[in-house]
Amino acid sequence: MGQVHVLDHPLIQHKLTLIRDKNTGTKEFRALVQEVAMLMVYEITRDLPLQEVTVETPVGVASAKVIAGKTLAIVPVLRAGLGMVEGILNLIPGAKVGHIGLYRDPETLMPVEYYCKLPAHLEERDVYVVDPMLATGGSAVAALRAVKERGAQRPKLMCLVGVPEGIRAVQEHHPDVDIYLAAVDDHLNDHGYIVPGLGDAGDRLFGTK
Ligand code: PRP
Ligand code: URA
């Protein structure tokens, strides 16, 4: 069974509090989401495999290490997942980026796929599906299914805020997937919003309503 990791680094928690604040405006919100995504991916990539190489320094030859294997793939769920990509690329500039377009039908809360473009050779890459919100879990379940159908082996899911309902849905449909969160909140309201959450992540990132 995949594990649920709540990343409690003080910088992540501090910045998440600012993100939650309803008085935080679009510009600051956007910057903070990128920063938290960067900090989360720093924690999550601790277990990436390394390989030995030699490198010529100005004064000799060093036995050193680089990350092994193909570059990893980040797959943001559009739209709000886009808000996490630059932060991750700051740390891993060579990462490939796929995109999955999903929106929640406001009546049924079911995800509707409208776009999917993913990097080649997903089966050989570490794949990180990223989306700020894990609410009912419908979007994450669909996004994980989409990357698996195109070859991803044991993709990981990284969200800022989740609720138990969403975590359960992912665990039920994708028991192999590790879930990384900055916080687990209390519940969903009647409109499928996380309470207390941070509001509509896409609208706050892009200044829409
Ligand atoms: C939000 C969020 C997730 C989804 C989570 O997207 O970014 O993708 O809701 O909800 P779920 O767990 O119940 O599926 P939204 O549908 O609002 O689209 P947007 O990113 O285009 O704003
Ligand atoms: N999507 C959001 O943007 N916010 C929520 O609270 C739930 C789903």
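Residues numbered from 1 in each chain as written. Chains lettered and ligands numbered in written order. Predicted model: local features only at pLDDT ≥ 70, side-chain atom pairs only at ≥ 80, totals over all residues. Heavy atoms only, no water.

Named according to an unreviewed UniProt entry, the chain is Uracil phosphoribosyltransferase originating from Alicyclobacillus acidocaldarius subsp. acidocaldarius. Word for word, the UniProt comment on the chain under Pathway (unreviewed entry) is "Pyrimidine metabolism; UMP biosynthesis via salvage pathway; UMP from uracil: step 1/1." As its UniProt record puts it under Function (unreviewed entry), the chain is described as follows: "Catalyzes the conversion of uracil and 5-phospho-alpha-D-ribose 1-diphosphate (PRPP) to UMP and diphosphate." (UniProt positions renumbered as here; feature names shortened; annotations may be inferred.)

**Q** Break down the overall build of the chain for me, with residues and values.
**A** When you go through the chain residue by residue, the secondary structure sums to six helices and 13 strands. In terms of overall dimensions, the chain has a C-alpha envelope of 65 × 35 × 30 Å along the principal axes. Evaluated residue by residue, the chain yields a buried proportion of 46% over its 209 residues. Counting only contacts in the chain whose residues sit at least 6 apart along the sequence, the fraction spanning at least 24 positions is 63%. (Helix = DSSP H or I, 4+ residues; strand = E, 2+ residues; numbered from the N terminus. Buried < 20%, exposed > 50% of the residue type's maximum accessible area, 1.4 Å probe, protein only. Contact = heavy atoms within 4.5 Å.)

**Q** So what's going on with the nonpolar core? Which residues, and what values?
**A** Counting 37 residues, the largest nonpolar core has I19, M40, M158 and L160 as its most contacted members. Elements represented by at least two residues in this core include exactly α1 (10-20), α2 (26-44), β8 (127-130), β10 (156-162), β11 (179-184) and α6 (201-206). Examining the composition of this core, we find that nine residues originate from one element, α2, more than from any other. Apart from residues no more than four positions distant in its own chain, I19 is found in contact with F29, L32, V33, V36, L160, L198 and R204. Counting 25 residues, the second-largest nonpolar core is a separate cluster that includes V75, L144, A146 and I179. (Core = buried A, V, L, I, M, F, W, Y, C linked by side-chain atoms within 4.5 Å.)

**Q** Please give an account of the environment of G166 that cites residues and values.
**A** In this structure, G166 sits in helix α5 (residues 164-173). Remark: the alpha-carbon pair of G166 and G151, spanning 15 residues in sequence, is separated by 24 Å.

**Q** Explain the packing of helix α4 (residues 138-149) against α5 to me, using residue names and the numbers behind them.
**A** Between α4 and α5, the least distance of the axes is 8 Å, while the angle of their chain directions is 30°. Relative to α5, the element α4 lies roughly parallel. α4 and α5 meet at a crossing whose hand is right-handed. Contacts between α4 and α5 involve A140, V141 and L144 from the former and A169, V170 and H173 from the latter. Counted by class, the contact of α4 with α5 contains five nonpolar, one polar and no charged residues. (Axes fitted to C-alpha atoms, helices over the stretch in contact; angles between N-to-C directions. Parallel < 35°, antiparallel > 145°, perpendicular 65-115°, else oblique. Left-handed = near helix turned anticlockwise from the far one by under 90°. Nonpolar A, V, L, I, M, F, W, Y, C, P; charged D, E, K, R; others polar.)

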